[in-house]
Amino acid sequence: MQQAAAEVEELSLAERAYRAIRDRLVMLEIRPGAPINEEQLGQSLGVGRTPVREALKRLQYERLITTYPRRGTFATEVNITDLAHISEVRQELEPLAAAQAARRATAADRGNLTALRAELDEDGPGRNPAELMRLDLRVHRAVYAATHNPYLEDTLVRHDNLATRIWCLFVDRLSDMAGHVEEHGPLITAIVAGDADRAARLARSHVEGFERAVREAI
């Protein structure tokens, strides 16, 4: 019994470590190419090495870190040439996810999305780029969760994370970042209303606009 409880605790610590390290990598708080130190990460998160190692295994699969023999583990570089490949996937799957969310969202999902819509509508002249990007991530993840398709959700979370790293790299050059994030308002409204066709159209337009904005910033 005690062993089972310990295993559950270890799993929860690994999940916590995974989410924290993932978001540091996505937001470029761990810079591209930076070495990954397991001990330092564990100390900063208040967990042991085992949860950190479990987290790093997942992050390597998600292309957020890479390991070189005899050199160590590093945050992956952000390669702008990956933008076309990432967008190619997202242009097909983001509309699918939006449509499925509109069809399948539960009352709890719709409540969560409505709360996020309220955050988007708040007057936020002082909202900094990092806050905007974190809000963008939360909206995307809420939409993916509302599909109730774990395979679709997992795929899109991974690709949205990679796209956000590119966005973070060029954030200082983007002309209307707030406008891009605020585009989620009508998308959320369509999902909450159950309008699958409109949700799909808005999601595709959002992804196309993201790629266009980044290319203009390069």
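Preceding this paragraph is the structure being described.
Analysis parameters
Residues numbered from 1 in each chain as written. Predicted model: local features only at pLDDT ≥ 70, side-chain atom pairs only at ≥ 80, totals over all residues. Heavy atoms only, no water. Core = buried A, V, L, I, M, F, W, Y, C linked by side-chain atoms within 4.5 Å. Buried < 20%, exposed > 50% of the residue type's maximum accessible area, 1.4 Å probe, protein only. Helix = DSSP H or I, 4+ residues; strand = E, 2+ residues; numbered from the N terminus. Contact = heavy atoms within 4.5 Å. Salt bridge = Lys/Arg side-chain N within 4 Å of Asp/Glu carboxyl O. Phe/Tyr/Trp six-rings, centres within 6.5 Å; stacked < 30°, edge-to-face > 60°. Lys NZ or Arg CZ within 6 Å of the ring centre and 35° of its normal. Axes fitted to C-alpha atoms, helices over the stretch in contact; angles between N-to-C directions. Parallel < 35°, antiparallel > 145°, perpendicular 65-115°, else oblique. Left-handed = near helix turned anticlockwise from the far one by under 90°. Nonpolar A, V, L, I, M, F, W, Y, C, P; charged D, E, K, R; others polar.

**Some details on the nonpolar core**
(1) Moving on: Core analysis: the biggest nonpolar cluster contains 60 residues, and I21, L25, I36 and L59 have the highest contact counts within it.
(2) Moving on: When residues of this core are assigned to their parent elements, the largest contribution, eight residues, is made by helix α6 (residues 129-146).
(3) Moving on: Among residues more than four places away in sequence, those in contact with L25 are I30, I36, L59, L64, I65, A75 and R165.
(4) Moving on: The next biggest cluster of nonpolar side chains, apart from the first, holds five residues, and it includes A97, Y144, L152 and L156.

**Brief notes about the pattern of salt bridges**
(1) Moving on: On inspection of all chains with the given rule, the structure shows 16 salt bridges.
(2) Moving on: Taking the shortest distance from any N to any O, the salt bridge between R22 and D23 comes out at 3.1 Å. By the burial criterion, R22 is buried, and D23 matches it.
(3) Moving on: A salt bridge links R138 to E119, with the nearest nitrogen and oxygen atoms 2.7 Å apart. With a gap of 19 residues between them, R138 in helix α6 and E119 in helix α5 (residues 107-121) connect regions that are remote in the sequence.
(4) Moving on: On the accessibility criterion, R138 (40% relative accessible area) is partly exposed.

**Overview of the packing of aromatic side chains**
(1) Moving on: Following the criterion strictly, the structure yields two aromatic pairs and no others.
(2) Moving on: Ring centres 5.9 Å apart and planes at 55 degrees place the aromatic pair Y68 and F74 in the tilted group.
(3) Moving on: For F74, a relative accessible area of 16% puts it in the buried group.
(4) Moving on: With centroids separated by 6.2 Å and ring planes inclined at 80 degrees, the aromatic side chains of W167 and F210 adopt a geometry described as edge-to-face. Here W167, found in helix α7 (residues 150-169), pairs with F210, found in helix α10 (residues 196-217); they are 43 residues apart in sequence, far enough to count as distant.
(5) Moving on: The ring of Y18 has R58 lying over it, and the distance from NZ or CZ to the ring centre is 3.6 Å.
(6) Moving on: In this arrangement the basic side chain of R90 is found over the ring face of F210, its NZ or CZ atom lying 5.6 Å from the centre.

**Structural notes on the environment of G194**
(1) Moving on: With respect to the element layout, G194 can be found in the loop between α9 (184-193) and α10.
(2) Moving on: With relative accessibility at 37%, the residue G194 sits in the partly exposed group.
(3) Moving on: The spatial distance from the C-alpha of G194 to the C-alpha of A102 is 4.4 Å, given a sequence separation of 92 residues.
(4) Moving on: Residues within four places of G194 in sequence aside, it is in contact with A102 and R110.

**Focus: the packing of α6 against α9**
(1) Moving on: Contact geometry of α6 with α9 gives a least axis separation of 12 Å together with a crossing angle of 20 degrees. Here α9 runs roughly parallel to α6, going by the angle between their axes. Note that α6 runs across α9; the crossing there is left-handed. Contact residues: α6 offers D136, V139, H140 and V143, while α9 offers H184, I188 and I191.
(2) Moving on: A class-by-class count of the residues in the contact of α6 with α9 yields four nonpolar, two polar and one charged.

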